[in-house]
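# Coordinate analysis (summary)
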Amino acid sequence: MKKLSALLLLCFATLFSNAQQTDTTTRTKVGDLSPNFSFNITKNKVVNLSDYKGKIVVLDFFATWCPPCRLELPRVQKEIWEKYKANPKFALFAFDREENWDKVLPFKQKNHFTFPMVPDMGRVIFSLYASQSIPRLIVLDEKGKIIYQSIGYTEKDFSELLVLLSSKLK
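Quick caveat, the model's predicted, so the values are computed rather than measured.

### A short note on the packing of helix α2 (residues 67-84) against helix α5 (residues 155-168)
Where α2 meets α5, the axes come as close as 12 Å, and the angle between the chain directions of the two elements is 10°. Classified by the angle their axes make, α2 and α5 are roughly parallel. On the side of α2, the interface is formed by E72, R75, V76, E79, I80 and Y84, while α5 contributes E155, F158, L161, L162, L165 and S166. For the contact of α2 with α5, the per-class residue count stands at 7 nonpolar, 1 polar and 4 charged.

This is the structure in structure tokens:
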């Protein structure tokens, strides 16, 4: 019985210590004003994030080679983009970390994604928000304030994101 109690205590201590670890990869937090940046929305057109103030903006950081990203992106297409793309208060941008148009466009076409996918060579934009770990989703409110962030892909996080978007984009 003492061994079982000691084992249970050790398990709970391990779980508790892991739950208390601070994420050192994230450079922003919910409530922060998003950094402003410019990016190529197409090969020939540059826009600024601030151009989208007044909208709920979803930023999705991914890579074509990333297995969790490949699970998340079809859901972004079906459950977010297809639902809200016609809403004038909504914008979504997926940034491919470190790959250029020659990788982004074929990947987009092969997977039948219709939302804006753009390269983020050198992690220039990604590094404003984090130092590592993808997929990473960030949602900005109409004033450019971060109202949601997630790291990785889980059903629970994605469901929370869908509830948030539904409440903001009625």
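### Re the confidence of the model for the protein
Low-pLDDT portions of the prediction should not be read for the details of their coordinates. Predicted confidence across the protein gives a mean pLDDT of 87, with 86% of residues reaching 70 or more. Of all the helices and strands in the protein, helix α1 (residues 2-19) carries the lowest mean pLDDT, 39, while α2 carries the highest, 98. Across residues 3-21, confidence stays below pLDDT 50; counting only partners more than four residues off in sequence or on other chains, it has 0 contacts.

### Notes on the environment of L49
Topologically, L49 is positioned in the loop between β2 (45-48) and β3 (56-62). Setting aside its immediate chain neighbours within four residues, L49 contacts S34, P35, N36, F37, F39, V57, L59, Y129 and L140.

### Some points on the pattern of salt bridges
Summed over the entire model, instances satisfying the criterion amount to 5 salt bridges. The salt bridge partner of D32 is K29, with a shortest N-O separation of 3.1 Å. Residue K29 is classed as exposed on the basis of its relative accessible area of 53%. For E79, the salt bridge is made with R75, and the minimal N-O distance between the two is 2.6 Å. Note that E79 and R75 are positioned in helix α2 at a spacing of 4 residues, about one turn of the helix. Assessed through its relative accessible area of 27%, E79 is described here as partly exposed.

Procedures and definitions
- Residues numbered from 1 in each chain as written.
- Predicted model: local features only at pLDDT ≥ 70, side-chain atom pairs only at ≥ 80, totals over all residues.
- Heavy atoms only, no water.
- Axes fitted to C-alpha atoms, helices over the stretch in contact; angles between N-to-C directions.
- Helix = DSSP H or I, 4+ residues; strand = E, 2+ residues; numbered from the N terminus.
- Parallel < 35°, antiparallel > 145°, perpendicular 65-115°, else oblique.
- Contact = heavy atoms within 4.5 Å.
- Nonpolar A, V, L, I, M, F, W, Y, C, P; charged D, E, K, R; others polar.
- pLDDT = per-residue confidence, 0-100.
- Salt bridge = Lys/Arg side-chain N within 4 Å of Asp/Glu carboxyl O.
- Buried < 20%, exposed > 50% of the residue type's maximum accessible area, 1.4 Å probe, protein only.

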